[in-house]
Amino acid sequence: MRLIFSIFHLFTKCELVFLKKKFKNYGKNIKFGYLPTISNPNYISLMNNIIIGNNATLLAIDSDLITKRTPNLKIGNNIYIGHNVSIHSMNSVVLEDNVVLSDNIYISDVSHGIKLDLEHSIMKQQWESLGGVKIGKGTFLGHGVKVLPNVEIGNNCIVAAGAIVTKSFEPYCILAGSPAKIIKKYCFESQTWKKIDN
C-alpha cells in the first residue's frame, strides 16, 4: 500500500512540474496531495502557503456549452483544503486568506440547466451561473459542507459539518443546517459566541 501511495505522489509531483507555469498565478509553498484534477489552470490563482489534500478538484469552466467564459478561481494565502474537495468556477470563486476547508466539501458558482426537455439530457443543457462565491477571511467550513452559487460568507464564520449554504451571511456567525442558518453570533463585548433564537 505504501508503494502505491508513493507512486501517486511521484505522479502528482511530475504533473505539477508541467502545470505550474500554466496557472494564472502560482505562489510559494504550495503543497498538493495525490491525484488532483485541475482544469484550465490559466484561470486559477494560487497565492502563498497553501495545502491541498488528496483527490482535490479545481475546475475553471471556460464554456457554458454555448458561449466562451472567463472564470476566476482564486485561493488566497495561508489556506488549508482537505481531501476530496471540489471547487468549480464558471464565474468567480474566491477563498480569502486564512480559510480552512475540511474534507468532502463542494463549492460551486455553476449548475446544469434544469429545463424540462424530453429530447436532451441535463448534461447537454447550457450551464448556468447565478453569481459568484466568496468565502471571507478566517472562515472555517466543516466536513461535507456545500456552498452553492451567488453566496458570500463573511469573515471569521464557522460553518457546521453537513451544512448546505444557499444564501449569503454576515461576518462572525456560526451556521448550521440545510439550508444553513445562523445559530450563533460572536459578541465582542463578552468575547463569546451567543446563541440566536430562530
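Notes on the structure follow.

So, how was this worked out
- Along each chain, residues carry numbers from 1 onward, in the same order as the chain's sequence is written.
- This being a predicted model, a pLDDT of at least 70 is required before a residue's local features are given, and a value of 80 or more before pairs of side-chain atoms are given or counted; all residues contribute to the totals for chains, interfaces and linings.
- Each side-chain value is worked out from all heavy atoms of the structure, with water and hydrogens disregarded.
- Here a salt bridge means any side-chain nitrogen of Lys or Arg lying within 4 Å of a carboxyl oxygen belonging to Asp or Glu.
- Relative accessible area decides the class of each residue, using a 1.4 Å probe on protein chains only: under 20% of the type maximum gives buried, over 50% gives exposed, and in between gives partly exposed.
- Going along the chain from the N terminus, every DSSP run of H or I of four or more residues is numbered as a helix, and every run of E of two or more is numbered as a strand.
- Strand pairing is assigned whenever DSSP identifies at least 2 bridges connecting the two strands.
- Ring pairs shown here join Phe, Tyr and Trp side chains whose ring centres sit within 6.5 Å, with only the six-membered ring taken for Trp; geometry is labelled stacked below 30 degrees between planes, edge-to-face above 60, and tilted in between.

Attention now moves to the pattern of salt bridges. Within this structure, the stated rule accounts for three salt bridges. For Lys68, the salt bridge identified is with Asp62, shortest N-O distance 3.1 Å. The class for Lys68 is exposed, based on a relative accessible area of 61%. Given the relative accessible area of 18%, Asp62 is considered buried.

Here we come to the pairing of strand β10 (residues 92–95). In β10, alternate side chains face the same way, and those of Ser92 and Val94 on one face and Val93 and Leu95 on the other are all buried. As paired elements, strand β7 (residues 72–75) and β10 share four bridges and run parallel to each other. When the bridges of β10 are listed, Ile75 appears paired with Leu95. Sheet topology note: the β10/strand β15 (residues 133–135) ladder contains three bridges and is parallel. Counterpart to Val94 in the pairing with β15 is Lys134.

This next bit is on the packing of aromatic side chains. Applying the stated rule across the entire model yields four aromatic pairs. Ring plane angle 80° and centroid distance 5.0 Å describe the contact between Tyr186 and Phe188, whose orientation is recorded as edge-to-face. The partly exposed category is assigned to Tyr186, whose relative accessible area is 26%. The exposure class of Phe188 is exposed, given its relative accessible area of 53%. Between the aromatic rings of Tyr186 and Trp193, the centroid separation amounts to 5.2 Å while the plane-to-plane angle is 70°, which identifies the pairing as edge-to-face. Take Trp193: its relative accessible area is 30%, and that puts it in the partly exposed class. Aromatic ring contacts, followed pair by pair, group Tyr172, Tyr186, Phe188 and Trp193 into a single cluster.

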